[in-house]
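Survey of secondary and tertiary structure
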There are 2 protein chains.
Amino acid sequence: MMEKVLVDLRPEVVLLGRACAKPVNGRNFGLRFLQQPCGHGEKGFLVKNSNSIAMTSSEGIDSVDPRMLLENTSSNANGLSSAARFWICSEEDCTLDACEDEYGGIVVNPEKLPWNINLFAYSLQASISSWKLKGKKGIWLKVPLGRSELVPIAVKAGFKYHHAEQAYVMLTYWIPEGPCLLPANASHQVGVGGFVINENNEVLVVQEKYCATTSVGAWKLPTGFIHESEEIYSGAVREVKEETGIDTEFVEVIAFRHAHHLAFGKSDLFFICMLRPLSNELKIDEHEIEAAKWMPLTEFLEQPVIQDDNMFKKIIDICIARLGKRYCGLAAHQVISKFDGRSSALYYNVVEPQDFNCQGV
Amino acid sequence: MMEKVLVDLRPEVVLLGRACAKPVNGRNFGLRFLQQPCGHGEKGFLVKNSNSIAMTSSEGIDSVDPRMLLENTSSNANGLSSAARFWICSEEDCTLDACEDEYGGIVVNPEKLPWNINLFAYSLQASISSWKLKGKKGIWLKVPLGRSELVPIAVKAGFKYHHAEQAYVMLTYWIPEGPCLLPANASHQVGVGGFVINENNEVLVVQEKYCATTSVGAWKLPTGFIHESEEIYSGAVREVKEETGIDTEFVEVIAFRHAHHLAFGKSDLFFICMLRPLSNELKIDEHEIEAAKWMPLTEFLEQPVIQDDNMFKKIIDICIARLGKRYCGLAAHQVISKFDGRSSALYYNVVEPQDFNCQGV
């Protein structure tokens, strides 16, 4: 006789509890064994159904071939239709496949989530209880897009959303009392703008197709968001190339702007980059750009959209100061850190002691 | 006779199609009208069920009181149990409540999602078809945590995940052919580190409780992630205060590091900030910090963890250059932009023409 086992029903009901060889409450279910391949590798035992009606096998439990499909032939099934079928599965199937991270957290394997939502619901509860007993803290549950039916089950079990990408949603469960100490989701978008000036003191500008009504017709620096895992110095060059057709070389970050409460309540870091032009011929991206041109710097500055806006004006003043070599931007340097073995970009001034003496501390 | 209407069944089946006053396929359903308050303000008409069996009212369709609960009394219901009950609702209820954004996109109102998942499924499909016909592009569907049962329905209808926060998941649907042009999710975490040095040329350092095995026992600058909507200059001061008890004043951003492929595949911007100390007495955050102290700068530099690591060494070199006033960091300035009416922080050097002449372009 088996304890705490599970019969996984496709597609309706999960039964769980103690297996029992005798009738309970005067009800007996005759079970007819049908040969059927299990497909998903289930193997297991019989259980009592959740309405406390015992189920017996005509052959006795010990002789059940775990790979069998059982058919309930009772016509008085309480809450069960007369054609209910049962898959059976083992206790191993009742624990979610997961591993531990270095912080005492549990990471559930998204590729081994139970195929049946009822089995998932049961396994989830059983696993949470088990992890609680083991003193675990955070549970990370990544649910692929194709298994989205598991999401409401996880939420019902107490999970909250952590973040999502196109192909999955990550949910988390914080076990201890007190505030959740799991690391937060990414919080910032990163944009770049290119300040490109040629030997005629003309700045490269664009008119956007889609912009705020106050900006219609205004000429601006080419800007855009960097792509996933893209470098700021690459993204700036790419955006300028895509929008205007001009090839450039990254020089340095001149300044950056930090703004909050933008799309999706997130924040935004915008890096204004000085780029050296390497070509001259314009070719715009017609999806996003209305027009592009080389505009005399003074004419660019005189536009109302610049003059009337503190932010734009300041940014351009800084760019001009940089041209006049009265300014130090931050150049990009690839540095490898032994700490994490990665090469990452460090942005700083190139220091030459004899060259300058900026504002003291 | 009504066309394209919906009977919303709680909790089982949604029927839709044409209302019909005559028997179809030889089946007739007798409907007994029961007085029942609708609660959710449904009003409406009869429909044909999805298995093409017509339903008629004993009183005729025109005389149906739309606020009635209808009970199907057929005993040969094909696929329906003998106790199926039907709520009825109007065609208005079949379209999701939504508004348009300035880019031709649709934003579904998360507070007016249909209460019944079957009604939601039907409304979603009907709405998508309608928006397609109207030439709309992107659909934004925000599903609160408490309505997570709607998530798999949206996914089945073709939605993908966009992002999630604790209390909701945002899904999107891109209608036109070609790449999705909806703006992406936030992609970066932002961290800050504080370089704090006192009049004795001692740098403020901490030993972390939880760190990589290679760093155990190492003394480092206080660091941490900034909070949602927090300024870099505030976050740096806060982190130093929380970890060490020392009050400081933000001076400037000395440098920043940009790294990729970190937690959740996201990127990370880490800003090294110069802070001026305003107090001296140490008091650590015992949850995260093992110890804190004022350490002679030379001793700090000589640690293997600094000497052996290009990244750490470079960062500290830059900090020292800044102390020697041979360096220009980026100071924070709050600037209001007329473009979006916001005050945001612009980080740049303070330019004094006579003071310096840094590396030319």
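Residues numbered from 1 in each chain as written. Chains lettered and ligands numbered in written order. Predicted model: local features only at pLDDT ≥ 70, side-chain atom pairs only at ≥ 80, totals over all residues. Heavy atoms only, no water.

Identification of chain A as Nudix hydrolase 8-like from Canna indica is taken from an unreviewed UniProt entry.

Some points on the interface of chain B and chain A
Note the cut-off: When checking whether two residues touch, look at their non-hydrogen atoms; a contact exists if any pair is within 4.5 Å. As used here, buried area is the combined drop in accessible area, with a 1.4 Å probe, of two parts when they are placed together. Just to be clear on terms, a salt bridge is a Lys or Arg side-chain nitrogen sitting within 4 Å of an Asp or Glu carboxyl oxygen. Pairing of N or O atoms within 3.5 Å defines a polar contact, subject to two protein rules: one partner must be a possible hydrogen donor and the other a possible acceptor, and residues neighboring in sequence count only if both atoms are side-chain atoms. Numbering goes from the N terminus for both helices and strands, where a helix is a DSSP run of H or I of at least four residues and a strand is a run of E of at least two.
Every contact between the two is made by 95 residues of chain B and, on the other side, 95 residues of chain A. Carbon and sulfur atoms supply 62% of the area buried between chain B and chain A, which totals about 8900 Å² over both sides. Here chain B is connected to chain A by two salt bridges. Across the salt bridge formed by B:Glu165 and A:Lys266, the nearest N and O atoms sit 2.9 Å from each other. At the boundary of chain B and chain A, one finds 21 residue pairs in polar contact (both at pLDDT 80 or more). Looking at the side of chain B that touches chain A element by element, the count peaks at eight residues for helix H6 (residues 310–323) of chain B.

A short note on the packing of aromatic side chains
Convention followed: Note on ring pairs: Phe, Tyr and Trp rings are taken, using the six-membered ring of Trp, and paired if centres are within 6.5 Å. Classes follow the plane angle, with under 30 degrees stacked, over 60 edge-to-face and the rest tilted. In this scheme, the term charge over a ring applies when either NZ of a lysine or CZ of an arginine sits within 6 Å of the ring centre and within 35 degrees of the ring normal.
This model, assessed by the stated rule, comprises 15 aromatic pairs over all chains. Between A:Phe264 and B:Trp140 the ring centres are 5.3 Å apart and the planes differ by 50°, which places this aromatic pair in the tilted class. Of this pair, A:Phe264 sits in the loop between strand S14 (248–259) and strand S15 (267–277) while B:Trp140 sits in strand S8 (residues 138–144), which puts the two residues in different chains. An aromatic cluster is defined as three or more aromatic residues linked by ring pairs; in this entry it consists of A:Tyr233, A:Phe250, A:Phe256, A:Phe271, A:Tyr347, B:Tyr233, B:Phe250, B:Phe256, B:Phe271 and B:Tyr347. Lying across the ring of A:Tyr168, A:Lys142 places its NZ or CZ 4.3 Å from the centre.

Details of the relation of the copies chain B and chain A
Which entries qualify depends on this criterion: Here the copies are matched by least squares. The fit uses the C-alpha atoms of residues with pLDDT of at least 70 in both.
Relative to chain A, chain B is turned by 180° and slid 0.1 Å along the rotation axis, the superposed coordinates differing by an RMSD of 0.1 Å. What we have between these two chains is a two-fold relation. In this assembly, 99% of the residues forming the interface of chain B have copies in chain A that are likewise at the interface, indicating an isologous arrangement.

Brief notes about the sheet that holds strand S6 (residues 98–100) of chain A
All names here are of chain A. Going by this rule: At least two DSSP bridges between two strands are required for those strands to pair. All axes here are fitted lines through C-alpha atoms, helices being fitted over the stretch that makes contact, and every angle between N-to-C directions spans 0 to 180 degrees.
Read across the open sheet, the five strands follow the order S6-S7-S8-S10-S9; overall the sheet is mixed. The sheet is open, and its two borders are formed by S6 and strand S9 (160–165), each paired with just one other strand. For this sheet the average axis-to-axis angle between neighbouring strands, irrespective of direction, equals 20°. Note that strand S7 (residues 106–108) and strand S8 (residues 138–144) share two bridges and pair parallel. The residue of S8 that forms the bridge with Val107 is Trp140.

Structural notes on the nonpolar core
In summary, soluble globular proteins display a tendency toward joint burial of nonpolar side chains. Formally: Nonpolar core, defined: a set of buried Ala, Val, Leu, Ile, Met, Phe, Trp, Tyr and Cys residues in which side-chain atoms within 4.5 Å join the residues together. Burial classification: accessible surface area is computed with a 1.4 Å probe over protein chains only, and a residue below 20% of its type maximum counts as buried, one above 50% as exposed, and the rest as partly exposed.
Residues A:Ile232, A:Phe271, B:Ile232 and B:Phe271 are the most contacted members of the largest nonpolar core, which totals 100 residues. Not counting residues within four places of it along the chain, the set of residues in contact with B:Ile232 comprises A:Phe256, A:His258, A:Leu269, B:Val190, B:Val192, B:Ile226, B:Val253, B:Phe271, B:Cys273 and B:Tyr347. The next biggest cluster of nonpolar side chains, apart from the first, holds 50 residues, and it includes B:Ile106, B:Ile128, B:Val151 and B:Tyr161.

Here we look at helix H1 (residues 117–133) of chain B
Defined as follows: Residue count minus one, scaled by 1.5 Å, sets the expected span of a helix.
A rise of 1.5 Å per residue sets the reference length of H1(B), with its 17 residues, at 24 Å; its end C-alpha atoms lie 24 Å apart and thus fit the reference within 8%. Those residues of H1(B) not exposed but buried are B:Asn118, B:Leu119, B:Phe120, B:Tyr122, B:Ser123, B:Leu124, B:Ser127, B:Ile128 and B:Trp131.

Digging into unusual backbone geometry
Glycine aside, negative phi is the norm for most residues, and most peptide bonds take the trans geometry. Backbone geometry at A:Ser229 places phi at a positive 60°, although glycine is not the residue there. In this structure, B:His261 is a non-glycine residue whose phi angle is positive, near 60°. For B:His261, the location among the structural elements is in the loop between strand S14 (248–259) and strand S15 (267–277).

Some details on the sheet that holds strand S9 (residues 160–165) of chain B
All names here are of chain B. Strand order in this open sheet of five strands is S6-S7-S8-S10-S9, and the pairing throughout is mixed. Because the sheet does not close on itself, it has two edges, and the strands there are strand S6 (98–100) and S9. With strand direction ignored, the average angle separating the axes of adjacent strands in the sheet is 20°. Direction of pairing for S9 relative to strand S10 (residues 168–174): antiparallel, over a ladder of five bridges. Paired with His163 across the two strands is Met170, which belongs to S10. Seen against the sheet, H1 touches S6, strand S7 (106–108), S8 and S10 and runs at an angle of roughly 160° to S8.

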